[in-house]
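Working through the structure, step by step
Residue-level listing of the chains:
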Amino acid sequence: MELKAGTRLRSQVCTTEVMVVKAPANEIELTCGGAALVSLDAAIAADGAPAAGLDTGTQLGKRYTAADDDSLELLVTKAGAGTLAAAGVPLVFKEAKALPASD
Amino acid sequence: MSLGILLDMAASGQGDRVALGRADDGITFARLAELAAGGGAVIAAQPVGHVVMLGRNGPLMPHLLFAAAHAGLPFTPMNYRLPADQLTELLGDLDRPFIVADEDYLTVVKQTGHPVMSTTEFVTAAQSTTPTEAVYVDDSAPAVMLFTSGTTSKPKIVPLRHENLVSYILGTVEFGSAAEDDAALVTVPPYHVAAIGSVLSNLYSGRRVVYLPDFSAEGWLALVAEENVTTAMVVPTMLSRVVEHLAGAVANAPKLRLISYGGARMPQPVLERALAAFPNVGFVNAYGLTETSSTIALLGPDDHRAALAATDPKERARLGSAGKPVPGVEMQVRDDDGTVLGPDEVGELWVRGPQVSGEYVGVGSVLDADGWFPTKDRAWLDAEGYLFIEGRSDDTIIRGGENIAPAEIEDALVSHPAVLDAAVIGIDDDEWGQRLVAVVVRREGFATDADELKSYVRGQLRGSRTPDAIVWRTELPHTPTGKLLRREVVADVNAELAALTS
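Just so you know, these numbers come straight off a predicted model, no measurement behind them.

Some words on the overall build of chain B
For chain B, the count of helices and strands is 16 helices and 26 strands. Relative to a compact globule of 502 residues, whose C-alpha radius of gyration would be 23 Å, chain B shows 23 Å and is just as compact. Taken along its principal axes, the extent of the C-alpha atoms in chain B is 70 × 50 × 45 Å. Taken across its 502 residues, chain B has 56% of its residues classed as buried. Counting only contacts in chain B whose residues sit at least 6 apart along the sequence, the fraction spanning at least 24 positions is 67%. By element, 50% of the accessible surface of chain B is carried by carbon and sulfur atoms, the whole surface being about 20,400 Å². Across chain B, the mean location of the 39 positive side-chain charges is 3 Å away from that of the 66 negative side-chain charges.

Details of the environment of glycine 320 of chain B
All names here are of chain B. With respect to the helices and strands, glycine 320 occurs in the loop between helix H13 (313-316) and strand S15 (324-325). Residues glycine 320 and proline 267 lie 53 residues apart in sequence; the distance between their C-alpha atoms is 8.6 Å. With near-sequence residues (within four places) excluded, glycine 320 lies in contact with Gln268 and Phe388.

Focus: the interface of chain A and chain B
You'll often see interface size given as the accessible area lost when the parts meet. Facing the 19 residues of chain A at the interface are 32 residues of chain B. On inspection of chain A and its partner chain B, the count reaches one salt bridge. At the surface where chain A touches chain B, the tally comes to six residue pairs in polar contact (both at pLDDT 80 or more). Mapped by element, the contributors of at least two residues to the side of chain A that touches chain B are strand S2 (17-22) and strand S7 (69-78) of chain A. When its residues are assigned to classes, the side of chain A that touches chain B shows eleven nonpolar, four polar and four charged.

Some remarks on the side chain of glutamate 227 of chain B
Residue and element names in this part refer to chain B. The topology assignment puts glutamate 227 in the loop between helix H9 (217-226) and strand S11 (231-234). The buried category is assigned to glutamate 227, whose relative accessible area is 10%. Setting aside chain neighbours within four positions, we find glutamate 227 in contact with Gly21, Arg22, Ala23, Ala183, Arg208 and Val210.

Focus on the nonpolar core
Core analysis: the biggest nonpolar cluster contains 119 residues, and Trp220 and Phe278 of chain B have the highest contact counts within it. Judged by nonpolar contacts, the second largest core, of 18 residues, contains Met78, Leu90, Phe147 and Ile157 of chain B.

Notes on unusual backbone geometry
Residue and element names in this part refer to chain B. Here the phi dihedral of asparagine 228 falls at roughly 50°; this positive angle occurs in a residue that is not glycine. The topology assignment puts asparagine 228 in the loop between H9 and S11. With a phi angle near 75°, serine 294 is a residue other than glycine that sits in the positive phi range. The topology assignment puts serine 294 in strand S14 (residues 294-299).

Some points on the domain arrangement of chain B
Here chain B is described as being made up of domain 1 (1-159) and domain 2 (396-501). Relative to domain 2 of chain B, the C-alpha centre of domain 1 of chain B lies at a distance of 40 Å.

Notes on the pairing of S14 of chain B
All names here are of chain B. Of all the six residues making up S14, six are buried; the element is thus mostly covered by neighbouring parts of the structure. Here S14 runs beside S15; their pairing, made up of two bridges, is antiparallel. Its bridge partner being in S15, leucine 298 is matched across the sheet by lysine 324.

Details of the side chain of arginine 465 of chain B
All names here are of chain B. Mapped onto the secondary structure, arginine 465 falls in the loop between helix H15 (450-458) and strand S26 (469-473). When its relative accessible area of 5% is taken as the criterion, arginine 465 is described as buried. In terms of polar contacts, arginine 465 uses its side chain to reach the side chain of glutamate 408, at 3.0 Å. Arginine 465 has contacts with Glu402, Asn403, Ile404, Glu408, Ile409, Leu436 and Val457, leaving out every residue within four places of it along the chain.

Observations concerning the packing of helix H2 (residues 29-44) of chain B against helix H6 (residues 119-128) of chain B
Packed helix pairs are specified by the crossing angle of their axes together with the interaxial distance, meaning the distance between the axes. Residue and element names in this part refer to chain B. One can describe the packing of H2 onto H6 by two numbers: an axis separation of 7 Å at closest approach and a directional angle of 100°. In terms of axis orientation, H2 runs roughly perpendicular to H6. Counting all contacts with H2, which are made through Arg31, Leu35, Gly38, Gly39, Val42 and Ile43, the residues of H6 involved are Phe122, Ala125, Ala126 and Gln127. Grouping the amino acids of the contact of H2 with H6 by side-chain chemistry returns six nonpolar, three polar and one charged.

Some words on the packing of aromatic side chains
Summed over the entire model, instances satisfying the criterion amount to six aromatic pairs over all chains. Taking 5.2 Å as the distance between ring centres and 35° as the angle between the ring planes, the aromatic pair formed by tyrosine 80 of chain B and tyrosine 105 of chain B counts as tilted. Taken together, the residues tyrosine 80 of chain B in the loop between strand S4 (75-77) and helix H4 (84-91) and tyrosine 105 of chain B in the loop between strand S5 (97-101) and helix H5 (106-110) connect sequence positions 25 residues apart. Assigned by exposure class, tyrosine 80 of chain B and tyrosine 105 of chain B land together as buried. Through pairs of rings, three or more aromatic residues link up here, namely Tyr80, Tyr105 and Tyr191 of chain B. A cation over a ring is seen here: lysine 62 of chain A above phenylalanine 93 of chain A, with NZ or CZ 5.3 Å from the ring centre. Positioned above the aromatic ring of tryptophan 472 of chain B is the side chain of arginine 442 of chain B, whose terminal nitrogen or guanidinium carbon lies 4.0 Å from the ring centre.

Let's talk about the sheet that holds strand S1 (residues 8-10) of chain A
Adjacent strands of a sheet form backbone hydrogen bonds with each other and so pair up, either parallel or antiparallel. Residues and elements named next belong to chain A. As summarised here, the arrangement of the six strands in space is S5-S1-S2-S7-S6-S10, forming an open sheet in which the pairing is antiparallel. The open sheet is flanked by strand S5 (38-39) and strand S10 (92-93), the only strands paired with a single partner. Note: S1 against S5, two bridges, orientation antiparallel. Residue arginine 10 lies in a different strand from S5, and its bridge partner there is valine 38.

About the thresholds
- Residues numbered from 1 in each chain as written.
- Chains lettered and ligands numbered in written order.
- Predicted model: local features only at pLDDT ≥ 70, side-chain atom pairs only at ≥ 80, totals over all residues.
- Heavy atoms only, no water.
- Helix = DSSP H or I, 4+ residues; strand = E, 2+ residues; numbered from the N terminus.
- Rg over C-alpha atoms; globule rule 2.2 N^0.38 Å.
- Buried < 20%, exposed > 50% of the residue type's maximum accessible area, 1.4 Å probe, protein only.
- Contact = heavy atoms within 4.5 Å.
- Areas by Shrake-Rupley, 256 points an atom, 1.4 Å probe, with all protein chains shown as cover.
- Lys, Arg positive; Asp, Glu negative; His and termini not counted.
- Charge placed at Lys NZ, Arg CZ, Asp CG, Glu CD.
- Salt bridge = Lys/Arg side-chain N within 4 Å of Asp/Glu carboxyl O.
- Polar contact = N/O pair within 3.5 Å; in protein donor to acceptor, adjacent residues only side chain to side chain.
- Nonpolar A, V, L, I, M, F, W, Y, C, P; charged D, E, K, R; others polar.
- Core = buried A, V, L, I, M, F, W, Y, C linked by side-chain atoms within 4.5 Å.
- Domains from an automatic or database assignment.
- Pairing = 2+ DSSP bridges.
- Axes fitted to C-alpha atoms, helices over the stretch in contact; angles between N-to-C directions.
- Parallel < 35°, antiparallel > 145°, perpendicular 65-115°, else oblique.
- Phe/Tyr/Trp six-rings, centres within 6.5 Å; stacked < 30°, edge-to-face > 60°.
- Lys NZ or Arg CZ within 6 Å of the ring centre and 35° of its normal.

Here's what the structure looks like:
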């Protein structure tokens, strides 16, 4: 799937929704709970569930990235039960730099 | 990357928390989302192209900002003190404006001929209107359009796109990071970019906002104590009035942890007195422009403490710096022919990043081919990357071929105990090109004269920085957010000179 910043996607097997914050130049396969992420308006099966072992969950407001490559960044805009992954490798939290409130 | 997503996240992640007002009966994040959707439906039902707010800062501000986003229209808070003719002129630059105005300003607003609702009417309608689906707009559509403060020229309109504002928030705020009992006190007027920033960053971090629309030092200190305020943003004139009011006493601010300041130059004596008046509070200097979606650099509490404790003059000087760029923002200092300058060299500040709009209505984008925006601020970066702002390029005075930034002379003047406020301007002169005139407001109960002030400045700065003349005034003109209206000072002094020679 070709991604660009601002693209919004949803899981087919849980309530997870994400927004692409940073997109890599090359195409990449994104999944949640083992099933491909699809566009927000795509029809999905009502009875989907994350695959075994791919059910660690997503947290609202957290940013996820690949452990060894920060060219991809997804913001979770709705939490769910599945595990986010890129090319089959689970994504990790991006550590946020704490800034003091300025306005 | 639409603004609406920030509100959706806040409502689902921390819906029961109070977003606006008093801790015991304020509006929750979930309620704000309902009000915004209802307000969006009210707006979408009308044949309008732009949403305008004319009112004091308060819960209407986030309500209307997100209602406009819901309806897919740009939002513009405007200066509510403008007379009808100026208001009509500025509104003429907006597409079919729909205005929500506080009751106090309705008479003036009705003279403009545009559709108007009072704040009460709008809030009531939003409560009773069935929400419609949010109108989809592209990420590149303008979410907010702000008039620049116009200190040196006619105000220009800056469009801030959804992607600019969302990038700013994602780059600088961690979602839900505020503690349950955090509260921010907001005193800037709604038409200042920091007021937009405060709506979005407090919402995204989950922090309750308390408003003080009509600033007074007593009122500010009272609210800080009563509402258990933890963070507060002020412009320098507000902090100056607070420390004058305290007159050396330590403030009663039991929960206050952070004061951020910005919007204009902070006089060092005011900052030093504030640090003493709020010994347990961290200070943040935030630097940004309307065109950059608020803050692009900040000097944090640790930087303030390190600079205060430093013995090395270079480190000590960082107390007057704007700190380092926020994530996602790059900076360069360039000279007039575009050469990128090294550490400690003064030139124009250029910035780049997804939060930078760099665009004006009727002018278009002023970004260069590589996406860099010229701030028109003269600045330098020290060897460790700390940013120092000298002032607007337009303010530079050229005396005898030498470029002089008025700010350094103004800083020297206000460090004199008898000087409450000072502006240094260039007045046309046959011999020097421009002469340096210092316009000074004396502090009550103190005495000084022109010769003393001139020699005081000569003792601190190079001889070419000594004012050629001192003019006395009882006050100086400022914008409501504390920016000196330099062109009015120049006009005032020129008028006096013309009267003397005619």
